Amino acid sequence: MVGAGISTPSGIPDFRSPGSGLYSNLLQYNIPYPEAIFELEFFFHNPKPFFTLAKQLYPGNYRPNITHYFFRLLHDKGLLLRLYTQNIDGLERVSGIPVSKLVEAHGTFASATCTVCRRSFPEKDWWADVMMDRVPCCPVCAGIVKPDIVFFGEPLPERFLLHVLDFPMADLLLILGTSLEVEPFASLSEAVGASVPRLLINRDLVGTFAWRPRSRDVVQLGDVVHSVERLVELLGWTKELQDLVQRETRKLDGQDR
Ligand code: OAD
Ligand code: ZN
């Protein structure tokens, strides 16, 4: 389970960190209160702030960091059952983890839906508008086309239901870079068996790790990159991860050219 804290090392602000978090930087987005950026009512009143954020998160603006590639390595080794992410930056996909291994619980910019007629549109149909600071509109009914990001009060993607099968099967739960403040995602941390170890890697002690710890919990507080590097070192995978990062970085450099 991961959240915005795994992408801050890629240069993307998280939501709730005082000072640097998106919710402390409202002026930049011209929103009246933090959550407005993900509220439908505000969106229909003024969709611009959300599209400003969308433009900022455009694929290619940011790159995965060692944390994303750590999960890619777990996948390459056949050890990743699933990666549940709250992030909407798409960096899990960019790191090469197949979409079948992901549950993008708060949605994705990879597709969009007309808010009026519910037609679905692939990225290529509306990104150009976003990049030119235009609100994308449905070619059929002129409704606003909204990227498939989950707003407050909206249902989570159907794939989120996979948790019902996944969590009882897990024999280790890794939780990285999340405040565990947003439901229903946060409660997944409780969904593994009572004897299953849970490892929290985060700057702060959060969620049930703070108020209802389990006997097999392990908590590593501090910077996520530093902690992941240390974990990878203990696993003896340092060289392998470095090689993976180098290979993937070269690939991305090639795409930029
Ligand atoms: P938050 O901003 O709530 O929490 C990020 C957590 O990561 C905090 O506990 C930070 O201390 C920690 N953190 C940040 N940078 C770190 C670093 N370099 N090393 C270690 N820890 C670090 O973000 P989320 O939990 O992802 O909803 O927020 C959940 C949801 O709230 C988001 O998905 C978003 C928002 O409303 C939508 O996008 C729909
Ligand atoms: Zn439409």
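In this report, we go over the structure that sits alongside the text. (Residues numbered from 1 in each chain as written. Chains lettered and ligands numbered in written order. Predicted model: local features only at pLDDT ≥ 70, side-chain atom pairs only at ≥ 80, totals over all residues. Heavy atoms only, no water.)

## Describing the sheet that holds strand β3 (residues 107–114)
(1) Moving on: Spatial strand order, β4-β3-β5: three strands in an open sheet with antiparallel pairing. At either end of the open sheet lies a strand with only one pairing partner, and these are β4 (120–122) and β5 (145–149). With strand direction ignored, the average angle separating the axes of adjacent strands in the sheet is 40°.
(2) Moving on: Bridge count for β3 against β4 is three bridges, and the pairing is antiparallel. (Pairing = 2+ DSSP bridges. Helix = DSSP H or I, 4+ residues; strand = E, 2+ residues; numbered from the N terminus. Axes fitted to C-alpha atoms, helices over the stretch in contact; angles between N-to-C directions.)

## Overview of the coordination of the zinc ion (ligand 2)
(1) Moving on: Distances from the zinc ion (ligand 2) to its protein donors, Cys114 (SG), Cys117 (SG), Cys138 (SG) and Cys141 (SG), fall at 2.3 to 2.4 Å.
(2) Moving on: Mapped onto the sequence, the donors of the zinc ion (ligand 2) take the spacing C-x2-C-x20-C-x2-C. Within this pair, whereas Cys114 is found in strand β3, its partner Cys141 is found in the loop between α5 (127–131) and β5, the two being separated by 27 residues in sequence.
(3) Moving on: Using a relative accessible area of 0% as the deciding quantity, one classes Cys114 as buried. (Donors = N, O, S within 2.8 Å, 3.2 Å for Na, K, Ca; no water. Buried < 20%, exposed > 50% of the residue type's maximum accessible area, 1.4 Å probe, protein only.)

## A look at the site of ligand 1
(1) Moving on: Taken together, 24 residues surround ligand 1, and among them Arg16, Tyr23, His106, Ser179 and Asp204 come closest.
(2) Moving on: Residue Arg16 places a side-chain N or O atom 2.6 Å away from an oxygen atom belonging to ligand 1.
(3) Moving on: In isolation ligand 1 exposes 790 Å². Once the protein is present, 97% of that is buried.
(4) Moving on: Of the residues belonging to the shell around ligand 1, the class tally is eight nonpolar, eleven polar and five charged. (Near = heavy atom within 4 Å. Polar contact = N/O pair within 3.5 Å; in protein donor to acceptor, adjacent residues only side chain to side chain. Areas by Shrake-Rupley, 256 points an atom, 1.4 Å probe, with all protein chains shown as cover. Nonpolar A, V, L, I, M, F, W, Y, C, P; charged D, E, K, R; others polar.)

## Overview of helix α8 (residues 224–235)
(1) Moving on: Relative to the 16 Å expected for twelve residues at 1.5 Å per residue, α8 spans 16 Å between its end C-alpha atoms, a close match to the ideal helical length.
(2) Moving on: Of the positions making up α8, those classed as buried are Val224, Val225, Ser227, Val228, Leu231 and Val232. Along α8, the residues classed as buried sweep out an arc of 165° about the axis, all on the same side. With respect to the buried face of α8, the exposed residues turned more than 90 degrees away are His226 and Leu234.
(3) Moving on: Turning to α8, the residues buried within the fold contact α3 (66–76), β6 (173–176), β7 (198–202), β8 (217–221) and α9 (238–256).
(4) Moving on: A side-chain oxygen of the first residue of α8 lies 3.2 Å from the backbone nitrogen of Val225; this N-cap is Asp223. (Expected span 1.5 Å × (residues − 1). Arc of directions from axis to C-beta. Contact = heavy atoms within 4.5 Å.)

What is shown is where atoms sit, not what they do.
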